[in-house]
Number of protein chains: 8
Amino acid sequence: MDKQEIYKLLQQVKTGMVTPEEAVLQLKMQPFEELGYAKVDHHRGLRQGVAEVIYGASKTAQQIAGIVASLRSTGQKTVLITRLSAEAADFLVTQQSEFTYYEIARVGIVGKIPKPSVKGKIIIATGGTSDMAVAEEAALTAEALGNEVIRMYDVGVAGLHRVLSKLDVLMQARVVVAVAGMEGALASVVGGLVDCPVIAVPTSVGYGAAFGGLAALLAMLNSCASGVSVVNIDNGFGAGYLASMINQMGEQQI
Amino acid sequence: MDKQEIYKLLQQVKTGMVTPEEAVLQLKMQPFEELGYAKVDHHRGLRQGVAEVIYGASKTAQQIAGIVASLRSTGQKTVLITRLSAEAADFLVTQQSEFTYYEIARVGIVGKIPKPSVKGKIIIATGGTSDMAVAEEAALTAEALGNEVIRMYDVGVAGLHRVLSKLDVLMQARVVVAVAGMEGALASVVGGLVDCPVIAVPTSVGYGAAFGGLAALLAMLNSCASGVSVVNIDNGFGAGYLASMINQMGEQQI
Amino acid sequence: MDKQEIYKLLQQVKTGMVTPEEAVLQLKMQPFEELGYAKVDHHRGLRQGVAEVIYGASKTAQQIAGIVASLRSTGQKTVLITRLSAEAADFLVTQQSEFTYYEIARVGIVGKIPKPSVKGKIIIATGGTSDMAVAEEAALTAEALGNEVIRMYDVGVAGLHRVLSKLDVLMQARVVVAVAGMEGALASVVGGLVDCPVIAVPTSVGYGAAFGGLAALLAMLNSCASGVSVVNIDNGFGAGYLASMINQMGEQQI
Amino acid sequence: MDKQEIYKLLQQVKTGMVTPEEAVLQLKMQPFEELGYAKVDHHRGLRQGVAEVIYGASKTAQQIAGIVASLRSTGQKTVLITRLSAEAADFLVTQQSEFTYYEIARVGIVGKIPKPSVKGKIIIATGGTSDMAVAEEAALTAEALGNEVIRMYDVGVAGLHRVLSKLDVLMQARVVVAVAGMEGALASVVGGLVDCPVIAVPTSVGYGAAFGGLAALLAMLNSCASGVSVVNIDNGFGAGYLASMINQMGEQQI
Amino acid sequence: MDKQEIYKLLQQVKTGMVTPEEAVLQLKMQPFEELGYAKVDHHRGLRQGVAEVIYGASKTAQQIAGIVASLRSTGQKTVLITRLSAEAADFLVTQQSEFTYYEIARVGIVGKIPKPSVKGKIIIATGGTSDMAVAEEAALTAEALGNEVIRMYDVGVAGLHRVLSKLDVLMQARVVVAVAGMEGALASVVGGLVDCPVIAVPTSVGYGAAFGGLAALLAMLNSCASGVSVVNIDNGFGAGYLASMINQMGEQQI
Amino acid sequence: MDKQEIYKLLQQVKTGMVTPEEAVLQLKMQPFEELGYAKVDHHRGLRQGVAEVIYGASKTAQQIAGIVASLRSTGQKTVLITRLSAEAADFLVTQQSEFTYYEIARVGIVGKIPKPSVKGKIIIATGGTSDMAVAEEAALTAEALGNEVIRMYDVGVAGLHRVLSKLDVLMQARVVVAVAGMEGALASVVGGLVDCPVIAVPTSVGYGAAFGGLAALLAMLNSCASGVSVVNIDNGFGAGYLASMINQMGEQQI
Amino acid sequence: MDKQEIYKLLQQVKTGMVTPEEAVLQLKMQPFEELGYAKVDHHRGLRQGVAEVIYGASKTAQQIAGIVASLRSTGQKTVLITRLSAEAADFLVTQQSEFTYYEIARVGIVGKIPKPSVKGKIIIATGGTSDMAVAEEAALTAEALGNEVIRMYDVGVAGLHRVLSKLDVLMQARVVVAVAGMEGALASVVGGLVDCPVIAVPTSVGYGAAFGGLAALLAMLNSCASGVSVVNIDNGFGAGYLASMINQMGEQQI
Amino acid sequence: MDKQEIYKLLQQVKTGMVTPEEAVLQLKMQPFEELGYAKVDHHRGLRQGVAEVIYGASKTAQQIAGIVASLRSTGQKTVLITRLSAEAADFLVTQQSEFTYYEIARVGIVGKIPKPSVKGKIIIATGGTSDMAVAEEAALTAEALGNEVIRMYDVGVAGLHRVLSKLDVLMQARVVVAVAGMEGALASVVGGLVDCPVIAVPTSVGYGAAFGGLAALLAMLNSCASGVSVVNIDNGFGAGYLASMINQMGEQQI
């Protein structure tokens, strides 16, 4: 039962077609039936998207292969696997014909990355080249969920001209994901240039007083630019997923 | 020059109607002309909205009154003033006919809160009644920017039935702002129930190991629910502004 | 001299049968005689339970084997070894006929897990599958001490229906151990659903701003649910031991 | 619907007397009816106890008086108000005939503290006299909920003889609440002397590197004694409530 | 004995005109004679500058007046007093004819601010207007020490055009002092635009996760721009003093 | 376009020879042309120095070799590579004839270290021998940029005579770089002895409460000596670069 | 029973004159008799000194006066009261003829400061004048306990000549107490100059990254000088007491 | 020139036999002559003891062997090497006839541990067996410097009887070194039982919220027992050295 169905049900309650008791019952029964499935999918709520997501970190290669097979057998075209080790990928490649492993992002994709289903563009910008692993996790997630992604890497604020020279690209974005370690200033600078939501991802890149991403995290939380919000350190998947959610809002009718 | 105009300009560049040099020049000159104005408005980029915003914390009552007068004289219908002390409000009420002061939120509004300009609804939920000050700052901000806001206060997770009993309301939201102090679990619970973006606002409510909002902040950053992002502790304005930005995306055509 | 004997002695003092001086002397002499034994058992006070516990972390396989042999020779039926490395387990299996190694929990048990000696049930719930190592240490500890344990794994709050679908099981608990990393919200949610003591165990699961369990620890300490208390990060043994202590209180008569 | 009723209902489901659907419906409807009441009582689940509890910190004297009146009119004999300011107490004393204010603990009690309903004793120990405010909040909470409380104040570990001289008293406890600031060693020392659960409450007493209770909190979490768990800094109410819950477990039959 | 004299002495040692023993003796005796004076002046080594500096925070108005009188009697033309309370200033104004109090900076100056003695310019930039107190302490310090200072306030990175519109001014600087709270990104952005040393001053401006200047401090320490170094939070004096030291290096001949 | 050219351009604007529009255009076009190059050089603004710098940490040996070849082909005489692993150095030595690897500093230099271009001396002092790796990174950076460097290692404050015995050397410095871990007192002691800027570099040397350089960092930020500023923990390059910038200021004419 | 008596008793055990049982009994009974007294004296074990100490922070003026009277009636010549507020002192002066209040140190002394009972000298050094409050608490404590104290204030390391000019005084010390805030370097510098124990006291003096004494505390713990140990932030009493204990060791014969 | 000689010199100044100038010169020249030696010995001031100490952590086996040889050739009987790796020890054993390696303490001793030169005893107590490495470093250091050491291991406060059963031993100590990780309560308990200085050494033993020794460090700094001071986490050498210094004070005549 996806969001549309739930909404329809609730409107039937309003018009008296369904009693509140029945509606509550239907809503509450729902999770029970879904339960087996929910255990397969640790990333809640992706069911309505074009891709299914598996969090690879705590699973063996065999377990992942099993889940992928089960998903594909139900017709799922694209399966995204995050935090996938190179070893597990080596095993998967022997099991799946349509499998691609993105080493830097530690992401595996079974099936094809779908064509973008909406016109809006997501821009993923990074402060340096070392932030690329996190940025790619975000980018591949957004692409697997049906979005067009523009990568704008190594535009750190210490060389402001690099950001400025891409101002026209930045301004086409419906959402920007700003990925940066060290002082994390990219989020503020980008947030000051665009009018759309900026999702800031601090990375653990840096040394010394970077304290594993804490410096960038605090800087981003304190951004004086409006429209900036923050996800966990190195959480590329979370940023890509949220960016997709926002980017696809324009198409939905409620 | 708003985003649409900029976009138009850049497309003229693509078609050869404008040379890149001219376009860059136009873009770069723009800030110069705006500069005087920008000093008035510390919240960048609100120009396109229905309300103008003044950050009241670092200004005297006289300064605020002056800026309000200047804005009103240019035809601005609604002016929102955040972090406004009761003393400054006492002064403003003697200067402005259409002034309302919201004491709990420490927000003042000159002119009328506009009618919602989009159909989507923003839900602002809080864990406890003590989170209300921050929540109201978010709610009034979103309302002043032309959104319909539904308040859902005191639905903390220790009494889960309160959240569940409002499931139908929650599901109508295009964006949810989850405001909570202490353990900040509200963001995760709400994030697990809805399919739309959740903006989490940690508050400094709590004592002892709450460490002025740090506990809630860390919990929210680590939320295992997808679609959750976080703003600074007690940053009700930031959450309301971002919620408005996302809520109004559906209407924009690119 | 166990707690009952001490209590009897002290009542003899009250009734004048024993002078305070004699009583104090008896009490104080006690540790001297026990001393050799106490050095064997680093977990104080387990003597009255059905199992003896060895903390394996700082001991060689040979030392552990020696202590086990010594305990078994005095008639001890069950010996629990926590933080036992796979290497040490490999050695022990060659020394003991009745030895089982639980790899995930890093726990070894010599002898049989006893039948539950009380009717109450301990529920051990986890937020995710990665919290299982800590949860199993708690579960095996409680079982070795004579309790019935119900495992309820992967019921994290981002999928609330999972917790709710097991409400009837939760309500049978005399004690709940809530094991969770990341944002640690499970303790609050469970604490809001049951009427019995909840022992919260933060785990070091998570990344970035989880800071090795600190986020979960702070969240659990700030839980707005009543009846929740917290043990050290990853301290499954401590939680299982305390849960057993509480679960068995109903049987004791004072 | 209290825990017994819920349990009965669920057993009817097992025996087929009630369908699962009906049961879920009954369970879920329940919160709706309770909702008005739950808003009155921010401390969930105290309904089954002898006292009702109001958290006074975020309420005006008038609001508190209103809630008290409403509770008394439904026959509630004892009402406990925590974090009650002296000012609010001054007002309440003019409204209620049976009102007592405990200044040190900042607790007010309307009605009589009930006679202990169980035989077990709760011992509340403090490291120093400055920990007394927190300890009294715990003690009065436990007493209002129907427990016998023994106060054992100023038995800090730097004068070990003080603890030892009260060994016989300590050994009668079914639960010990150990309240201490500074280095928080009391929890470990007491935990090493008794066989019952120890609830440790760090206090913000101390200066310099005490960091507002952080030193005591960390020490208590790291206690090498078994059976110790920790609540939030200065959380006397939470400790008293949990102690009562454990102390009364022996009487409950499931 | 200033640096030039010391250098001369040491060269006499090299050429054999003075024995090392004599030189060491002369050097070491020096502090003894200066000692009384050094107690007057807590800011070591300002003797060679045009102004003498008094740290006002830990002194009474009377003490400060006494020191000022003593300094003026020896011919000192300008005396700078930092962290001077308004109350102490009220007293000083009655004692000194040529006294000016700068309320925002909490700085008092006795005598005239000297004309710049070098051609180089120091730019003091701030992120917001609330950073002005710290910036003015830096600016007045640098001016009192004989430098030309250009103030460039409220050029925070969230409105990048403000910085860019002053690029030509920025490029004239021999040293830039970048004063900013919140996310502290100004240092990185400015550091990326100029070729001269940038002294970053984090301020305690901000709320929530700004943690009293910690966020800005960490961001500035992690700046990816070269040529940036950092002083203590709110240390305007230190930045102004160091900026003066660097600015005046070009004139010195060694 | 270096700083001199930019300055000339801006003066032409002042005199009316160039319109502001043209000037801004020229300035803004500049980055575009440089962009490819800027990607090669992650250390902004070194173009005007005698050496080009490559940050080796995030690059493969092949990538580094490629960049070096490209730089050398444009006539660059000296190339400095920081954070260069021994493995990458082993590869580079097979590719470049004039390559030297400094193992302790993890620095590689292609070409010759140039003769000092200015008379001023930079002193690099360390507290202990274990700070040498960071100190050498600073020293080699400064040398590669054309400065004379005097090394003064192992002069920690616990043996004050070591610092004092080198007082004459210290006094010849135009800039001092003070490198120290543990308690970081060297910066304060040196800052109290010299009249020139002191750049403090905390190192991660130490154990226990050194917390990876945090203790030294805080101590240095709190230095009561004037003229001291701080760079990131272990940031030898940053200190050497800034020291060079300051040391060469005397020669520049504006 | 003081330490000498206890030692005598234990030697009687060795020679068989007393059975171990009797000895233990005597030792254990001791605290009971002392108990009333121990409650008066919160600073354990001062009984053998010439002064009795009262910790004034948590007591009313009336309570303090009562304890003083009780002590004086038993013949105690000197009573030291630490953390005594000016208000309480105002009351005490009306009750006691021989009472002196030291305002800076917040210490009151009833009776006369005794003549030094040992030849050794304790030196109390401070980094700045603002550390004087803590230093005086240490100095008065040591004096009240019968020691000769030499004050050496304002000898901070940024003016090294001040320390050096007092080298001869420093070298006469049997113990040095080094009191400093900000960067806390004094402990290391003094520790490197003397051969006796150095007790370091971090103070909460400073601002910004001093973090209430944390910077000084960490620096002192990391001191590379041998013979340095640390007490809590601002703990002048503890340092003075320990210094007295060490200073008087030379006289004791065991 | 040792302390006695310096003192003699300074008294000659007092009596006029030596001018202050000559004295200062003699004092200052001293370090020059010692300088080569000082570089050999990183532990300042051990020259007067019976053993010389080498800090092995940052030296190669060859370097250590060289220093040992040099020291032995000047007649040094005992050489202590701390933080010595097993690999370096393997090399040393082939170079030195009288070499012993203590693996747990990571300490090597060349020559014989001298007979105690004073009557006083140092007690080294640990909370658990895992603290033994640090305790042994302290014990061997104290022994090598000529002290009698009594080891009292595994007397953690959770089993209070273990400490109490050794009360007679504890009371013979002139100094106690209390080594403990986890909650660090041992220092407070021991400090409350003895009348002599207690040097507390926090260890990095523990997990979770032990935070690498931080919990124990904070607890020890906040000890409510008098006479307790603290050294760095795991700093066994520092504690042993300071204990030796205090223990030997009784013999020295001034």
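Residues numbered from 1 in each chain as written. Chains lettered and ligands numbered in written order. Predicted model: local features only at pLDDT ≥ 70, side-chain atom pairs only at ≥ 80, totals over all residues. Heavy atoms only, no water.

1. Some thoughts on the confidence of the model for chain A
With 78% of its residues at a pLDDT of 70 or more, chain A has an overall mean of 81. Across residues 28-48 of chain A, where pLDDT falls below 50, the model places 48 contacts with residues more than four positions away in sequence or in other chains. (pLDDT = per-residue confidence, 0-100. Contact = heavy atoms within 4.5 Å.)

2. Description of the relation of the copies chain E and chain A
Overlay of chain E on chain A (RMSD 0.1 Å): rotation 180°, translation along the axis 0.0 Å. In short, the pair behaves as if placed about a two-fold rotation axis. It is E:Ala185 whose C-alpha, among those of chain E, lies nearest the rotation axis, at 2.5 Å. (Least-squares fit on C-alpha atoms with pLDDT ≥ 70 in both.)

3. Some details on helix H10 (residues 236-247) of chain F
Residue and element names in this part refer to chain F. Between its terminal C-alpha atoms H10 stretches 16 Å, which fits the 16 Å expected from 12 residues at 1.5 Å a residue. Counting buried positions over the 12 residues of H10 gives 12, a clear majority of the element. Of the residues making up H10, those classed as buried are Gly 236, Phe 237, Gly 238, Ala 239, Gly 240, Tyr 241, Leu 242, Ala 243, Ser 244, Met 245, Ile 246 and Asn 247. (Helix = DSSP H or I, 4+ residues; strand = E, 2+ residues; numbered from the N terminus. Expected span 1.5 Å × (residues − 1). Buried < 20%, exposed > 50% of the residue type's maximum accessible area, 1.4 Å probe, protein only.)

4. Quick notes on the domain arrangement of chain A
All names here are of chain A. By domain assignment, chain A separates into domain 1 (8-110) and domain 2 (121-253). Taken together, the 17 residues of domain 1 in the interface contact 13 residues of domain 2. Both sides together, the interface formed by domain 1 and domain 2 hides about 1,200 Å², and carbon and sulfur atoms give 72% of it. Counting the surface domain 1 buries against domain 2, the share from its top three residues, Arg 83, Ile 104 and Ala 105, is 34%. Put simply, domain 1 and domain 2 have one salt bridge between them. The salt bridge partner of Arg 83 is Glu 137, with a shortest N-O separation of 3.2 Å. (Domains from an automatic or database assignment. Buried area = accessible area lost by both parts, 1.4 Å probe. Salt bridge = Lys/Arg side-chain N within 4 Å of Asp/Glu carboxyl O.)

5. Looking at the packing of helix H5 (residues 132-144) of chain B against helix H10 (residues 236-247) of chain B
Residues and elements named next belong to chain B. Between H5 and H10, the least distance of the axes is 7 Å, while the angle of their chain directions is 35°. Judged by the twist between their axes, the crossing of H5 over H10 is right-handed. Listed contacts from H10 to Val 134, Glu 137, Ala 138, Thr 141 and Ala 142 of H5 are Gly 236, Phe 237, Gly 240 and Tyr 241. By residue class, the composition of the contact of H5 with H10 is five nonpolar, three polar and one charged. (Axes fitted to C-alpha atoms, helices over the stretch in contact; angles between N-to-C directions. Left-handed = near helix turned anticlockwise from the far one by under 90°. Nonpolar A, V, L, I, M, F, W, Y, C, P; charged D, E, K, R; others polar.)

6. Considering unusual backbone geometry
Even without being glycine, F:Arg83 reaches a positive phi, approximately 45°. The phi dihedral of G:Met182 is positive, around 45°, even though this residue is not glycine. When you line up the elements, G:Met182 lands in the loop between strand E7 (173-180) and helix H8 (186-191). With a relative accessible area of 29%, G:Met182 lands in the partly exposed category.

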